[in-house]
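# Tertiary structure, described
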Amino acid sequence: MAVSRDRNLAREQAVTVALIFALLALTVVSNSLVGRVFPAYISELRFPAPTDALVAAALALIPLPLFVLARFSFGYIVGLWMYGMVAGFIFLSYSTKLEYNHSQARISALLCLISFLVPALFLRFKISLFSISPRAMNALMICALILSAAVVAASAMYGFRIAGLLESLAMREEVTRPRLLNYLNGIISGAVLPFCFAYFALNRRVALSAIAAVLLFAFFPVLLNKTVLLAPLWLVFILALYTVFRPKTATVLSMIIPPIIGIAGYFVFISELGALAFGFINLRMMAIPSIALDHYSHFFSSHPHTNFCQINFVRLFTECPYNEQLGAILKNEYNLGNFNGSLFATEGIASVGPILAPIATFVCGVVIGLGNVASARLSPALIAVSSGVLVQALTNVPLSTVLLSNGGGALFLLWLVSPMGMRAKK
């Protein structure tokens, strides 16, 4: 029995290594194609010289043993997406024409990744607080669906758009709503409804799971956000992967399959839909987080750091060199849209610069590790599906924003109170 278990573990580790190698190669190929198709974002992108490519690959492979040694967790999912982002940036840094200290930025990004992964992957312990009964949890989830419907209706009263995809996205900034309603929109679409979908799906309550998916889709005419539009399909995709494959394998496949679909959509099915798929998956999901590191490194090499004043609470107690949000500032600087960045770009590069950034990312890794603690006894499928939208946000916006505006704190709380029936077998 023990020998069989050891063989299965060794096989899973071998598969994980092979898939991460494939992910690394796919990241390079996908980002290179993005440079050709969307030159406005990375107009100077070219494949690195052979020597540079070998060095970049060596740097990108340094964190690989951490993923082999770590057990599956929420931090494993987040860490792998951050790994893809940093690996993409390392290769990009050899071809970008933006002027900053590229060698320093590469080493800093690698150290940031490692300092983030250590707590995010290995901070794991179980706490015995309380979990509500299955009956109470069912009632709570029903109430969550009712609240979600009410929030969608309230938001629609301030304006909604039913038009083509591109036309709708162009209208996104035309509607303003109260701040509280904006927070509720983010928390419910980013955490509450994905959790409801996962909870009901894993309890085989198909009708209620479908209602959660429909309510999540209903946020698109209100928020005009591509992530919300595709979130139901994304959650079903993740659920299918974690049903068929082992958790770590499913995690890597969730990053490998979409860009392959995007590339196929563009080169095999030449159509507007194929171009949209390539733009959303390969540009938006895969390349933009790496491109953000490139642009934040360039901008803050010649501008003052924020010292975390981009966080509204911190701004109350300190002077801030910037009056606008970082996304708007970089939008004006580079004319590439509202250019938000992940915690590596914001809590790291923008706040303290490349030298001190690994300290900031370590603290962020501890926060993600607390998510491991909150979900320590939950099934991998529930963790992965319920965090499916949240993980996407983590690669594109600051951690502080994810915890509050995108519902990270709410999801951690839902994980903590989940009944024993939703917990993995020991």
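Refer to the preceding data block for the structure.
Residue indices follow the written sequence of each chain, beginning from 1 at its first position. Only residues with pLDDT of at least 70 are given local features in this predicted model, and only at 80 or more are side-chain atom pairs given and counted; all residues enter the totals for whole chains, interfaces and linings. Remark: hydrogens and water are excluded; side-chain values derive from all non-hydrogen atoms of the structure.

### A look at the overall build of the protein chain
Convention followed: Under the DSSP-based scheme used, a helix requires at least four consecutive residues in state H or I and a strand at least two consecutive residues in state E, with every element numbered from the N terminus. Each radius of gyration is computed over the set of C-alpha atoms, and the globule rule expresses the reference value as 2.2 Å times the number of residues to the power 0.38. Residue burial is assigned from relative accessible area. The probe radius is 1.4 Å, only protein chains are included, and a residue is buried under 20% of its type maximum, exposed over 50%, and partly exposed in between. The contact criterion used is simple: two residues touch if any of their non-hydrogen atoms lie within 4.5 Å. Note on areas: Shrake-Rupley with a 1.4 Å probe; residue coverage comes only from the protein chains shown. None of His or the chain ends enter the tally, which takes Lys and Arg as positive and Asp and Glu as negative. Every charge is mapped onto a representative atom, which is NZ of Lys, CZ of Arg, CG of Asp or CD of Glu.
Scanning the protein chain from terminus to terminus reveals 20 helices and zero strands. Taking 426 residues into account, the globule formula puts the C-alpha radius of gyration at 22 Å, and the protein chain, at 21 Å, falls close to it. Dimensions of the protein chain, computed from the C-alpha atoms along their principal axes, are close to 60 × 60 × 50 Å. Across the 426 residues in the protein chain, those meeting the buried criterion constitute 51%. Residue pairs in contact within the protein chain that sit at least 24 positions apart in sequence constitute 77% of those at least 6 positions apart. Surface accessibility of the protein chain: about 19200 Å² in total, with carbon and sulfur atoms responsible for 67%. Separation between the mean location of the 27 positive side-chain charges and that of the 14 negative ones in the protein chain comes to 20 Å.

### Some remarks on the nonpolar core
Here is the rule: Nonpolar cores were defined as sets of buried Ala, Val, Leu, Ile, Met, Phe, Trp, Tyr and Cys residues, with membership established by side-chain atoms within 4.5 Å.
By size, the foremost hydrophobic cluster in this structure holds 130 residues, and its most contacted members are Phe74, Phe116 and Phe344. Of all the elements, helix H4 (residues 74–92) adds the most residues to this core, at 15 residues.

### A short note on the packing of aromatic side chains
In plain terms, the rule: The rule is short: rings of Phe, Tyr and Trp, with Trp giving its six-membered ring, pair when the centres are within 6.5 Å, and they are stacked under 30 degrees, edge-to-face over 60, tilted in between. Two thresholds decide whether a charge sits over a ring: the Lys NZ or Arg CZ must be within 6 Å of the ring centre and within 35 degrees of the ring normal.
Here the structure, examined in full by the defined rule, presents 17 aromatic pairs. Between the aromatic rings of Phe299 and Tyr322, the centroid separation amounts to 6.4 Å while the plane-to-plane angle is 45°, which identifies the pairing as tilted. Here Phe299 is found in helix H13 (residues 272–299), whereas its partner Tyr322 is found in the loop between helix H14 (312–315) and helix H15 (326–334), with 23 residues between them in sequence. A single burial state applies to Phe299 and to Tyr322, both of which are buried. Measuring from ring centre to ring centre gives 5.7 Å for Phe412 and Trp415, while their planes differ by 20°; the resulting arrangement is stacked. Note that Phe412 and Trp415 are positioned in helix H20 (residues 408–417) at a spacing of three residues, about one turn of the helix. Trp415 sits in the buried class, given a relative accessible area of 0%. The positively charged end of Arg106 is found above the aromatic ring belonging to Tyr94, 3.8 Å away from the centroid.

### Structural notes on the environment of Thr251
Keep this limit in mind: Polar contacts, as used here, are pairs of N or O atoms within 3.5 Å; protein pairs need one atom able to donate a hydrogen and one able to accept it. Residues neighboring in sequence count only if both atoms are side-chain atoms.
Mapping Thr251 onto the fold places it in helix H12 (residues 247–267). The exposure class of Thr251 is buried, given its relative accessible area of 0%. A C-alpha to C-alpha distance of 29 Å links Thr251 and Pro354, two positions 103 residues apart in sequence. Not counting the four nearest positions on each side in its chain, Thr251 is found in contact with Phe72, Tyr76, Ile77, Leu80 and Tyr242. Within the structure, Thr251 has its side chain in polar contact with the side chain of Tyr242 (distance 2.5 Å). At 2.8 Å, the side chain of Thr251 forms a polar contact with the backbone oxygen of Pro247.

### A short note on helix H16 (residues 344–374)
Put simply, the rule is: One less than the number of residues in a helix, times 1.5 Å, gives the span that helix is expected to have. By definition, a residue's bend is the angle between the axes fitted to the seven residues ending there and the seven starting there.
Compared with the 45 Å implied by 1.5 Å per residue over 31 residues, the 23 Å span of H16 between its first and last C-alpha is markedly short. Remark: the principal bend of H16, roughly 135°, maps to Val352, with a proline, Pro354, within the next four residues.

### Observations concerning unusual backbone geometry
Of note in the backbone geometry, Asn307 takes a positive phi value of approximately 55° without being a glycine. Following the sequence through the fold, Asn307 ends up in the loop between H13 and H14. Judged by relative accessible area, which is 52%, Asn307 ranks as exposed.

### With respect to the packing of helix H6 (residues 134–157) against helix H9 (residues 206–218)
Quick reminder of the rule: The convention used is that axes are lines fitted to C-alpha atoms, helices contributing only their stretch in contact, and that angles between N-to-C directions extend from 0 to 180 degrees. For classification purposes, an angle smaller than 35 degrees is called roughly parallel, one larger than 145 roughly antiparallel, one from 65 to 115 roughly perpendicular, and anything else oblique. Left-handed describes a crossing in which the near helix is turned anticlockwise from the far one by less than a right angle; the clockwise case is right-handed. In this count, Pro and Cys sit with the nonpolar residues alongside Ala, Val, Leu, Ile, Met, Phe, Trp and Tyr, while Asp, Glu, Lys and Arg are called charged and the others, Gly among them, polar.
The geometry of H6 relative to H9 is characterised by a closest axis approach of 10 Å and an angle of 25° between their N-to-C directions. Viewed along their axes, H6 and H9 adopt a mutual orientation that is roughly parallel. Relative to H9, H6 is oriented so that their crossing is left-handed. Between H6 and H9, the residues in contact are Ile142, Leu145, Ser148, Ala149 and Val152 and Leu208, Ile211, Ala212, Leu215 and Ala218, respectively. Here the contact of H6 with H9 is composed, by residue class, of nine nonpolar, one polar and no charged.

### Details of helix H11 (residues 226–244)
With 19 residues, H11 extends 27 Å between its outermost C-alpha atoms, agreeing within 8% with the 27 Å of an ideal straight helix rising 1.5 Å per residue. For H11, the principal kink sits at Pro232 and spans about 45°. Listing the buried residues of H11 in full gives Val228, Ala231, Pro232, Trp234, Leu235, Ile238, Leu239, Leu241 and Tyr242.

### Brief notes about the side chain of Ser375
Looking at the secondary structure, you find Ser375 in the loop between H16 and helix H17 (380–386). A distance of 2.8 Å separates the side chain of Ser375 from the backbone oxygen of Gly371, its partner in a polar contact. Leaving out residues up to four positions away in the same chain, Ser375 has contacts with Phe74, Ile383 and Trp415.

### Comments concerning a nonpolar patch on the surface
The line we're drawing: What goes into a patch is any residue over 30% in relative accessible area without a salt bridge, connected to like charges within 9 Å or, for nonpolar side chains (Val, Leu, Ile, Met, Phe, Trp, Tyr), within 5 Å. In what follows, salt bridge is the name for a side-chain nitrogen of Lys or Arg lying within 4 Å of a carboxyl oxygen of Asp or Glu.
Taken together, the side chains of Leu69, Val118 and Phe122 present a nonpolar region at the surface, about 280 Å² in accessible area. Mapped onto the elements of the fold, Phe122 is located in helix H5 (residues 102–122).

### Details of the state of the cysteines
Where we set the bar: Only a pair of cysteine sulfur atoms within 2.5 Å counts as a disulfide in this structure description.
According to the stated counting rule, one finds one disulfide in the structure shown. The residue that forms a disulfide with Cys309 is Cys320, at a sulfur-sulfur distance of 1.9 Å. Linking Cys309 and Cys320, the disulfide has an S-S dihedral of approximately 40° and is accordingly described as right-handed. Here Cys309, found in the loop between H13 and H14, pairs with Cys320, found in the loop between H14 and H15; they are eleven residues apart in sequence, far enough to count as distant. The buried category is assigned to Cys309, whose relative accessible area is 1%. The cysteine Cys112 is free of any disulfide, with Cys364 supplying the nearest cysteine sulfur at 9.5 Å. Here Cys112 falls in the buried class, since its relative accessible area comes to 3%. For the unlinked cysteine Cys143, the closest cysteine sulfur is that of Cys196, found at 10 Å.

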